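Descriptive structure summary
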Amino acid sequence: MAENQNTVCFRTLHLDAKVRHTLESYRSVGGYVQWERILREKPDPDQLIDELKTSALRGRGGAGFPTGLKWSFMPRTKPGQKYIVCNSDEGEPGTCKDRDIMRYNPHQLIEGMAIAGYCIGATVGYNYIRGEFYEPTARFDGALEEAYAAGLIGKNLFGSGIDFDLYTHLGAGAYICGEETALLESLEGKKGQPRFKPPFPAQAGLYGMPTTINNTETLASVPVILEKSGKWFLEQGKPNNGGPKLFSVTGQVERPCNLEIPLGTPFKDVLEMAGGVSGGRALKAVIPGGSSVPVVPGDVMMRTDMDYDSIAKAGSMLGSGAVIIIAEGTCMVKVLANLAHFYAHESCGQCTPCREGTGWLARVLDRILAGNGRPQDLDLLDNVAGRIGGRTICALGDAAAMPVQSFLKHYRSEFEHLIEHGRSLVEAA
Amino acid sequence: MSDDKITLEIDGRVCTAAPGEMIIAVADREGIVIPRFCYHEKLSIAANCRMCLVEAEQGGRPFPKPIPACATPVGEGMKVLTRSKKALDAQRGTMEFLLINHPLDCPICDQGGECELQDVSMGYGEDVSRFSERKRVVKDEDLGPLIATEMTRCIHCTRCVRFGAEVAGLRELGATGRGEDMRIGTFVGQSMAHELSGNIIDLCPVGALTSKPYRFTARAWELTSDEGIAPHDGVGSNLQLHIRGGQVMRVHPRDNEAVNECWISDRDRFSYEGLNSPERLKAPMLKRDGEWQEVDWQEALHAAVDLLKAPGPDQLGVLVSPSATLEEQFLLQRLVRALGSDHIDTRLRQLDFSAAAADPRLPWLGVPIAELEQQQAALLIGSDIRQEQPLLAHRLRKAALSGATIALLNPYEVDLNHRSIQLRSAPQALDRDLRALLKLLGRPPVAGPIAEPDERHQRIADALTRAGQAGKGLVLLGALAENAPVYGLVRALAAEVAAAAGCQLGCLAPAANSVGSWCAGSLPHRLPGGAAPARPGLDARAMLTDPRQGYLLWGLEPDRDLADPILAMSALRAAKQVVACTAFRSPALDAVADVLLPISAFAETAGTFVNTEARWQRFQGAVPPPGDSRPGWKVLRVLGTMMELPGFAQNSAREVHDELASQCRDLTPDNQLRGSMPATDLSSATPQGAELFRLGNVPIYATDPLVRRASALQRTPLAEQLAVSLHPEDAAALGLADGQLARVVQVATNGECIEVNAPVVIDDRIAVGCARIPAGVEGSGELGPIMGPVQISKAGD
Amino acid sequence: MSFRNTPLAVIHDVDKETLLTPELRAEIDKHVAKYPPEWKQSAVMPALTLVQDHNGGWLSRELMDQVAAYLDMPETAVYEVATFYAMYDLEPVGRHKVCVCNSVSCMLGGAEELMHHIEKKYNVAPGGTTADGKLTFKEFECLGACRHAPAVMVDKAYHECVTPEAIDKIIDDLD
């Protein structure tokens, strides 16, 4: 069985819980060595970006876009302000990893952001943290103070002529701000409504200036990749699926947990590490990458490895690495209704299909749950979801549609039973 | 290369486009219809309605999803399908979503019959609704007297929100809440206070925002449509008049990029209400022994002929509204000149004619209207531009947003919706700042007092110089300058500033046909075609300071439209013969006139307006004048004929127009001043001792008899009442507090002393030493000169 | 000239020294300093949060208007922000906010029972405030603490793996 490695983002986790988030602790595991080397040697940013490309690090927020490639889109030499923005608006149901990075290893995120800034030519960074994260924010701000005091960030660092200022920006409760352009809007003091692309943030992002937005875990992985080499990182995982990754294993498992394990670890091992399905029940289904991705039946998951490509083959997505375990005996109509309400509640309201469609889906599902379903409702749900997905500015429309379509695909009989009999197929137990 | 053309295919048709153009813009040009709700060519792209989704491929690779035609730039070799199965399915999907929460109240909806949602749903909607949940209901907000709301119908296209932020520069409407709870509104329920607010009625694709005055008065399909030209400012906005049963039911803009783009001001949109005022004069009237009697035209015309002939050649003065049509003005000057004098004028609110000899040949804006937005710097002298010329203010705002420096020199700081540099000086001291600018521009000093140049003067001088070098600088004179007692001097200095900075000089025409007067010769020193008469006649002010025995008043109210109401009323009262041709009765006219001839108002006559860029715009009568009233030009033709004067035999307005047009063939716009710097005597205009200086602005909805009777406009926050606005310093010195009643004492030019009470408004935007007391509003007719010394004290003291 | 990519600066005719309190202004200024000078509006969210905390957990229209004036923003733009984000309350609230996460992991972990418990025991529906004004009960979307389901945020503190008994204890301990 695979073991929890904690070699990258969680490399301070084994230290004394009282002090593991401090600068001193971070230094004890090799922290800031890479940043100091960069300040001293001023390597060609392209070299660093190449190292990232070698590592096959992919965006850990959910979309899985290759990080090195993303950074290479930045017009680094173009004059004018550029920005690096960290997306710590963790809110995808099932995902609780970035919170722990900020609580247990905040300096590594700071170092990762500083290095990213150097690579893309950004002298200012913002860490957008969701508003509910009071404690992680306090930790991060504390680390920021330490880093400023130690001269690790700020102006003309160690006389290198390199500037890097980093600020936190707190959200106030909107899932959509995890979408990168909505996050930028929010940073600009507006509602978090995603922007239409093009232009992409690398051309016109925050305040209209070139901007790169990366997830917390992605940025926190960078110092270790530079320390141990891109090749090392890649070899931790599988080709095109480099590195270890954080997985949040939640739902109906014995020991919900965050794991930092190699990409490509078999799902069955992951389940075992989390103590198996809770109450000794059988595995019914898994949502393998956060609530937005298609649900996968348990038996299929048991044959699948946890990496981007394998999960895609199983008909879903690795997403943010949030593995939601659903045990036998759980009513899938109820689970889907919960998801549908989430997306209806979090739709920003901008695009017609999402604004009108997500509420429609939720209401139909409520009606079915209440025993007032009609046989044609299932085709309606599927069709309405199809009319939302792929028709909106951002991916929230897809995120709302995919669960509906996949739940109906795999668990249609449960829905039919509820409609026909007015009560759940599984809830008798 | 950026000027390269891109070739693409839309629905199989090969089209060319500029790089960066959006698919929808190319399709529109090609006449290929793509349904849309949020897209509007004058607004930023939102891409939120998702109605314009189309299928496309680029370089042989299809886009994985349908793409919004409004937000997707064209690419070389792109193939777009707007009606493929995939595209139509996407469009139908959006349509269904838009309709699920839209009420089925089309039969009682004002937008019914001209609703974009209704139209598009005919093409893309499905017969049977699959939506069986409860529909959304949204609470309405009261946006004031102009705009009715029915927000349950809103489809959240955000056009109105973007209009507010981007065009109006006033972000009152917003989209609050999120998801399906998103609401368009002000959130706090307030009246829209903006001179262009009515445009959101046109922008709204559904019946969520409709015209309140028009509401429930007609159905779209009952209306016929006629073209018109707006009668209130120098723009001459192109209008679409919607008519039923011989009545103008509402007014919409008619697109003309060069003039009004697709907008109109609220004044142009809602003033039609004045046409149905109970004060309309519908039959000729004759005063007999002090009593007014309705008479027939025959009798009235005979009386008028006698009255006009009685004073003798030099004793008849003709005062004409600057909104009178070109044809009316042309025939009026012919009439007065045939009777032997040149005493005719349309510059009714002007006080200072001392520099008339220097008047340019055809004063105009200095550049075409559309070029205002390309200026890099503009200095506005004496102009409350948003009140005077709402759409020119909009053009200048566009310039400002693209980086132009907009500077203003005014007696009070005006309310603008963009960045500007504002200098503030009392009306009689505007020249001081201009001398300061001239000094900074390196001109030899012009005799007279000079302001101490500060950093703002420097920035203005620098900006004008830079803009002048690029050929994109403008110095504009507005109504507050034109009505100032030092207009001649200010204009001369403005011309010097323009010349020194290499900028154009421009004049903002205060009324719809002010420029037309210079063409028609309805001025004491201009003949038709712009030539000067042998000896100029009396100007509008001289006709009153040196009273005539008889007057002909055309389309004006003497207590509201003239520079010095007390002087005017006293001269008119004393006159032996007063003929008033008017569309409206008013107590002042009743008091002074001997005969009232009912003439057509806006939309009721054929005619021509020459706008501020000297563009001649002809229009036809769209509705018949009410009752026995007649088109003005016809009344004049009959009068001329009855008096056996030559040149009144025209059979149509067109003939009158053509005759004048042929005389104006060589008349081109020209702002060049003749002669040298005038030596204006300022002593009479300078306040003595404890006096303040009255600064009379003409509020936006007080400019002319028609708009003053437009009831909805008069209920808006922009409609000003008579009040005395004072700088806090002056108010403190006078012991006056906000809201207190002040006594206003003014001495008219003829020595008459008048006293009026009005509430005090404390406003630190007013220049120290000034009292802003509006003209043209109810109660202002009891006052003296629009600008001049005034005594203010606590009422009752 | 879209309002989407330029700041919405408008000038309010008001003396900024009269707005909010000196302490709040100083706190807001610290946030303003993080952003480019022309982008004061970036500080609107932290400003609203500070003002809300200072005002007993909710934002009045008057306070939103003051924030707008202080940051040179149109009032509407502030209303848009305040109504968009779930953590702002625009009506008076109880002395404490109890926010129960009911997203999928917490639901699978027993959030619904917990919510029913609160609803019954304290006689308050989600979105409501108890009669004694002690607490406002809110159903929240994912709090990002899924591995300790069900998660509850009480004011600014997270409580994890919360059982009905545990929530009673937490609520009892509140003043």
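For the structure, see preceding data.
Turning our attention to the packing of aromatic side chains. Under the defined criterion, the tally for this structure stands at 20 aromatic pairs over all chains. Relative to tryptophan 39 of chain C, the ring of tyrosine 207 of chain A has its centre 4.8 Å away and its plane inclined at 40°; by these criteria the two rings are tilted. Remark: tryptophan 39 of chain C occurs in the loop between α1 (22-32) and α2 (44-54) and tyrosine 207 of chain A occurs in the loop between α8 (180-187) and β4 (211-215); the pair is interchain, linking two chains. Relative accessible area serves as the criterion here: at 8%, tyrosine 207 of chain A is assigned to the buried category. Judged by centre distance (5.0 Å) and plane angle (90°), the rings of phenylalanine 342 of chain A and tyrosine 343 of chain A are edge-to-face. Relative accessible area serves as the criterion here: at 1%, tyrosine 343 of chain A is assigned to the buried category. Among the aromatic side chains, those forming a connected cluster through ring pairs are Tyr83, Tyr126, Tyr167 and Tyr207 of chain A together with Tyr35 and Trp39 of chain C. One cation-aromatic arrangement involves arginine 20 of chain A over tyrosine 104 of chain A; the distance from NZ or CZ to the ring centre is 4.2 Å.

Here the focus is helix α14 (residues 332-346) of chain A. Taking 1.5 Å per residue, 15 residues should reach 21 Å; α14 of chain A reaches 21 Å between its end C-alpha atoms and fits that length. Those residues of α14 of chain A hidden inside the fold are in contact with β8 (283-287), β11 (322-327), α15 (352-369) and α17 (396-421) of chain A together with α5 (104-108) of chain C.

Right, let's get into helix α3 (residues 45-55) of chain A. Residues and elements named next belong to chain A. What α3 keeps buried is the set Pro45, Leu48, Ile49, Leu52 and Ser55. Viewed along the axis of α3, the buried residues span an arc of 110°, placing them on a single side of the element. On its buried face, α3 sits against α2 (33-41), α4 (67-72), α6 (106-120), α9 (216-228) and α10 (230-236). Residue alanine 56 follows α3 closely and has a positive phi angle near 55°.

Residue and element names in this part refer to chain A. Relative to the elements of secondary structure, aspartate 307 occurs in the loop between β10 (305-306) and α13 (308-313). A relative accessible area of 0% means that aspartate 307 is categorised as buried. When the C-alpha positions of aspartate 307 and histidine 341 are compared, they lie 29 Å apart, and in sequence the two are 34 residues distant. In contact with aspartate 307, other than residues within four places in its own chain, are Lys238, Asn241, Leu263, Gly264 and Leu318.

Turning our attention to the interface of chain C and chain B. Each partner contributes residues to the interface: chain C has 16 residues there, and chain B has 19 residues. Counting the surface lost from both chain C and chain B, the interface buries some 1,600 Å², and carbon and sulfur atoms represent 63% of this. Here chain C is connected to chain B by one salt bridge. One salt bridge in this structure joins arginine 171 of chain B and glutamate 80 of chain C, with 2.8 Å as the shortest N-O distance.

When you line up the elements, alanine 400 of chain A lands in helix α17. In contact with alanine 400 of chain A, not counting residues within four places along its chain, are Tyr343, Thr358 and Leu361 of chain A.

Across the boundary between the two partners, chain C contributes 39 residues, which contact 60 residues of chain A. Carbon and sulfur atoms make up 58% of the surface buried where chain C meets chain A, a total of about 4,000 Å² over both sides. For the pair chain C and chain A, the interface holds four salt bridges. Across the salt bridge formed by arginine 147 of chain C and aspartate 100 of chain A, the nearest N and O atoms sit 2.5 Å from each other. The tally of links from chain C across to chain A stands at 19 residue pairs in polar contact (both at pLDDT 80 or more). Going through the elements one at a time, α2, α4 (75-84) and α5 of chain C are the ones with two or more residues in the side of chain C that touches chain A. The biggest single contributor to the side of chain C that touches chain A is α5 of chain C, with four residues. Residue composition of the side of chain C that touches chain A, by class: 24 nonpolar, six polar and nine charged.

The rules behind these values
Residues numbered from 1 in each chain as written. Chains lettered and ligands numbered in written order. Predicted model: local features only at pLDDT ≥ 70, side-chain atom pairs only at ≥ 80, totals over all residues. Heavy atoms only, no water. Phe/Tyr/Trp six-rings, centres within 6.5 Å; stacked < 30°, edge-to-face > 60°. Helix = DSSP H or I, 4+ residues; strand = E, 2+ residues; numbered from the N terminus. Buried < 20%, exposed > 50% of the residue type's maximum accessible area, 1.4 Å probe, protein only. Lys NZ or Arg CZ within 6 Å of the ring centre and 35° of its normal. Expected span 1.5 Å × (residues − 1). Contact = heavy atoms within 4.5 Å. Arc of directions from axis to C-beta. Buried area = accessible area lost by both parts, 1.4 Å probe. Salt bridge = Lys/Arg side-chain N within 4 Å of Asp/Glu carboxyl O. Polar contact = N/O pair within 3.5 Å; in protein donor to acceptor, adjacent residues only side chain to side chain. Nonpolar A, V, L, I, M, F, W, Y, C, P; charged D, E, K, R; others polar.

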